[in-house]
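The primary structure of each chain is shown beneath.
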Amino acid sequence: MTVIEKPAAPRAPEPEQSDNSRTLGSLVFFGMTGLLIALVGALLVIGVIGLLDDDGDGGAGGTGAAATSTVDVQLSEFAIAGNLLAEAGNVNLAVTNAGSQQHDLVVEELGTQTRLLNGGDSDTLALDSLGAGSYTLFCSVPGHRESGMETELIVSNEPPTGEAAAGGSHSAHGADGEYDAEAMDAIMVESMLAFPAETEGKGNEILDPEILPDGTKKFVLEASVIDWEVSPGEFVEAWAYNGQVPGPQIIVEVGDKVQVELTNNTPLGTDIHFHGIQTPNDQDGVSPYTQDPIKVGETFTYEFVADEPRIGMYHAHLHSQISVLNGMFAAFRIGERPYPRGETISGITIPEDFEPDVELPMVLNDAGTIGLTLNGKSFPATEPLVINQGDWIAVDYYNEGLTAHPMHQHQFPQLVYAKDGIPLDNPYWADTINVAPGERYSVIFHAEDPGVWVWHCHILTHVEREEGMFGMVTALVVQEDEPT
Ligand SMILES: [Cu+2]
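The residue numbers shown here count from 1 along each chain, following its written sequence. pLDDT decides what is reported in this predicted model: residues at 70 or higher carry local features, side-chain atom pairs at 80 or more are listed and counted, and totals for whole chains, interfaces and linings draw on all residues regardless. Hydrogen atoms and water are omitted, and side-chain values are computed over all heavy atoms in the structure.

Q: Would you explain the sheet that holds strand β7 (residues 122–130) in this entry?
A: Pairing between sheet strands relies on hydrogen bonds along the backbone, with the strands arranged either parallel or antiparallel. Here we have 4 strands laid out as an open sheet, ordered β2-β1-β4-β7, and mixed in their pairing. Of all the strands in the sheet, just β2 (79–81) and β7 have a single pairing partner and so form its edges. Pairs of neighbouring strands in the sheet enclose a mean axial angle of 25°, with direction left out of account. For two strands to pair, DSSP has to find at least two bridges joining them. The numbering of helices and of strands both runs from the N terminus, where a helix is a DSSP run of H or I of at least 4 residues and a strand a run of E of at least 2. In terms of strand pairing, strand β1 (residues 68–76) meets strand β4 (residues 89–97) through 8 bridges, oriented parallel. When the bridges of β4 are listed, Thr70 appears paired with Asn92. Only the contacting stretch of a helix is used when fitting its axis, a line to C-alpha atoms as for every element, and angles between N-to-C directions run 0 to 180 degrees.

Given below as C-alpha cells:
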C-alpha cells in the first residue's frame with residue numbers, strides 16, 4: 001500500500017521559496033490592508049456625512065427619530081450580505097435565504113430571530129426603536145455561524161447616504177454594484193498562487209496498534225481540544241483524536257479482534273460510533289442507549305471482531321454537532337477495498353491485477369471550527385496530490401459535515417465502485433460525485449495527462465469568496481513521464 005506523503009510539488013508554485021511569490025504575498029497583504037483602511041475610512045465618511053448632511057438626502061428613512069427603514073439581508077452558504085446600515089428608529093430587516101440550505105437570522109442583542117427559512121424563502125424582522133450602535137447578526141443553524149454567517153448591523157443617528165451605504169459592503173465592489181476588476185482579479189489570483197501552503201499539523205496518519213498476547217489489535221486514542229492551523233496563520237480550536245484532524249486512520253484485517261481505547265480530555269462527555277462498521281449493540285457508541293457517556297477525564301475501551309470488509313469511519317455520537325464538526329472524525333477500514341478487477345465499465349477494462357499506485361482518504365467537512373475543508377485543511381493549505389503520469393489513484397470520500405459536496409475532478413473521470421464501502425454491481429464513471437453527510441464513495445481514476453488539475457467541491461461558494469479562493473479545493477499534480 002502506498003500512502004501519500006507531502007512531496008515537493010514540481011509544477012505548482014512554492015510561495016516560501018520564490019521572490020516573485022513573496023512579492024505577490026506582500027501585495028495581497030497590502031491589498032487586504034488597503035481594503036481594511038478603505039472600509040474604516042468609509043465608516044468614518046458615514047459619520048462625517050451624517051454630521052454635515054442635515055437634510056438626510058436619500059437613504060432608507062427620513063430624518064425624524066421615528067424613521068422606519070428597511071434593510072435587505074441575504075443569507076447564503078455561508079455568508080450574510082447586504083448594506084447593513086440603518087438609521088436609529090424602527091428598522092425592518094427584510095431577510096431572504098438566497099442559499100440552498102436552511103438558514104435563519106438572529107439579532108443577538110435583541111434575542112429576536114426569523115423563522116427557519118428554506119432556500120428562496122423570505123421573512124421580515126420588525127425591530128422597533130432601535131438605538132444607535134452595532135448589532136450582531138448570525139444564523140443559529142449549528143455550525144453556520146462558525147462558517148462565516150455572522151456580521152454586524154450598524155445603526156447610526158443619521159440616515160445612511162448612498163455613498164455611505166456602499167461603504168457598508170466589505171468588498172471590492174464599487175458604489176453602484178460595479179466591479180473593481182483590477183482589485184478583484186488581483187485578490188483572486190494572489191489567493192490561488194499561494195497554493196500549496198505549508199501549515200502545522202497533518203491528519204489521517206495511520207495508527208499503529210499494540211498487539212496484545214491473544215493477537216487483539218489495540219488502538220489507543222485521546223480526544224482533546226487543540227490549536228489547529230486550518231489555513232496559513234489561521235488557528236482554530238479543534239476537537240481532535242490524537243492531536244490531528246482528521247483523526248488517525250484505523251486499518252485492520254478481516255477477522256481481527258479489535259480494541260479501541262479512548263481517553264476523553266475534551267470539555268464534554270463523549271463516545272465513539274463506528275459508522276458503517278458492524279459491532280455488537282453495546283459497542284455501537286451511542287450513549288446513553290448502548291453505554292454510559294465517557295465523562296471528561298474517563299477512559300473507555302471498545303471491543304469487537306472485524307468480520308467483514310468495510311470502508312467506514314469513526315466519530316463521536318454524543319454532542320456530535322459540536323465535537324464532530326470541530327474535528328472528531330476519522331477513517332476506519334476493514335480489509336481490502338472491493339476493486340472491480342477485470343470488469344469492463346463503459347468500454348474501459350480494469351486490469352485483473354489492478355492495484356492503485358496511491359491511496360488516500362478525502363474527508364469533507366463544512367462546519368464547526370474546522371469549516372469548509374478537505375482533510376482538515378482549507379485552501380491553500382490543502383495538500384496537493386503529486387503523482388506520476390499513468391498512476392492509478394484510489395480515493396475514499398467521506399462526508400463528516402452538514403451538507404452535500406459534489407466533488408469534481410478535472411480531466412480524469414472517476415470510477416465509482418463502492419458506496420458506503422459496499423461494492424456496486426454496476427460501477428460507473430463520473431467526473432462529479434455528490435457526497436452527502438454520512439456517505440462514503442470509493443473511486444479509482446487513471447491520471448493519464450500531465451499537468452496541474454484542480455479537484456474541488458463544485459458548490460462554488462465552498463471554494464471562492466471575494467477575499468479569494470479558499471475551502472474545498474486541492475489539485476492533482478501529474479508529473480510527466482520522462483523517457484529514460
Ligand atoms: Cu461543498
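Next comes the rest of the description.
Q: Please clarify how the pairing of β1 should be interpreted in this entry.
A: Side chains on a regular strand alternate between the two faces of the sheet. Three exposure classes are used, based on accessible area relative to the maximum for each residue type with a 1.4 Å probe and protein chains only: buried under 20%, partly exposed in between, and exposed over 50%. Going residue by residue along β1, you find Ser69, Val71, Val73 and Leu75 tucked away on one face and Thr68, Thr70, Asp72, Gln74 and Ser76 left uncovered on the opposite face. Relative to β2, β1 is paired through 3 bridges, and the arrangement is antiparallel. Each residue of the ladder has a partner; that of Gln74, found in β2, is Ala81. If you look at the hairpin formed by β1 and β2, you'll find 2 residues sitting between the two strands.

Q: Looking at this model, I keep getting lost on the coordination of the copper ion. Mind explaining?
A: For a metal bound by four donors in a tetrahedral arrangement, the ideal donor-metal-donor angle is 109.5 degrees, while six donors in an octahedral arrangement ideally sit at 90 or 180 degrees. Distances up to 2.8 Å from the metal define which N, O and S atoms are donors, and 3.2 Å serves for Na, K and Ca; water is absent from the atom set, so sites may look incomplete. Around the copper ion, the donor atoms from the protein are His405 (ND1), Cys457 (SG) and His462 (ND1), and they sit 1.9 to 2.1 Å away. In primary sequence terms, the donor set of the copper ion follows H-x51-C-x4-H. On the accessibility criterion, Cys457 (0% relative accessible area) is buried.

Q: What's the story with the nonpolar core in this structure? I'm lost.
A: Across soluble globular proteins, nonpolar side chains show a tendency to be buried alongside one another. Among the buried residues, those of types Ala, Val, Leu, Ile, Met, Phe, Trp, Tyr and Cys that are joined through side-chain atoms within 4.5 Å form a nonpolar core. Judged by nonpolar contacts, the single largest core of 59 residues is most densely connected at Val73, Leu93, Val395, Tyr397, Trp455 and Leu476. Each residue touching Val73, except ones within four places of it in the same chain, is listed here: Ile80, Ala81, Leu84, Leu93, Ala94, Val95, Thr96 and Leu105. Counting residues in hydrophobic clusters, the runner-up holds 39 residues, among them Ile226, Val236, Ile311 and Tyr398. Here, two residues are considered to be in contact whenever any of their heavy atoms come within 4.5 Å of each other.

Q: Would you mind going over the pattern of salt bridges with me for this structure?
A: Note that side chains of opposite charge can pair when their charged atoms are close. We define a salt bridge as a contact between a side-chain nitrogen of Lys or Arg and a carboxyl oxygen of Asp or Glu at a distance within 4 Å. According to the stated counting rule, one finds 14 salt bridges in the structure shown. Residue Glu383 is joined to Lys202 by a salt bridge in which the shortest nitrogen-to-oxygen separation is 3.4 Å. Of this pair, Glu383 sits in the loop between β22 (371–374) and β23 (385–388) while Lys202 sits in the loop between α3 (181–193) and β10 (210–211), and the two are 181 residues apart along the sequence. A relative accessible area of 33% means that Lys202 is categorised as partly exposed. For Asp420, the salt bridge identified is with Arg440, shortest N-O distance 3.4 Å. Highlighted residues: Asp420 in the loop between β26 (414–419) and β27 (422–430) and Arg440 in strand β29 (residues 440–447), separated in sequence by 20 residues. Via salt bridges that share partners, Arg333, Arg337, Glu359 and Asp396 belong to a single interconnected network.

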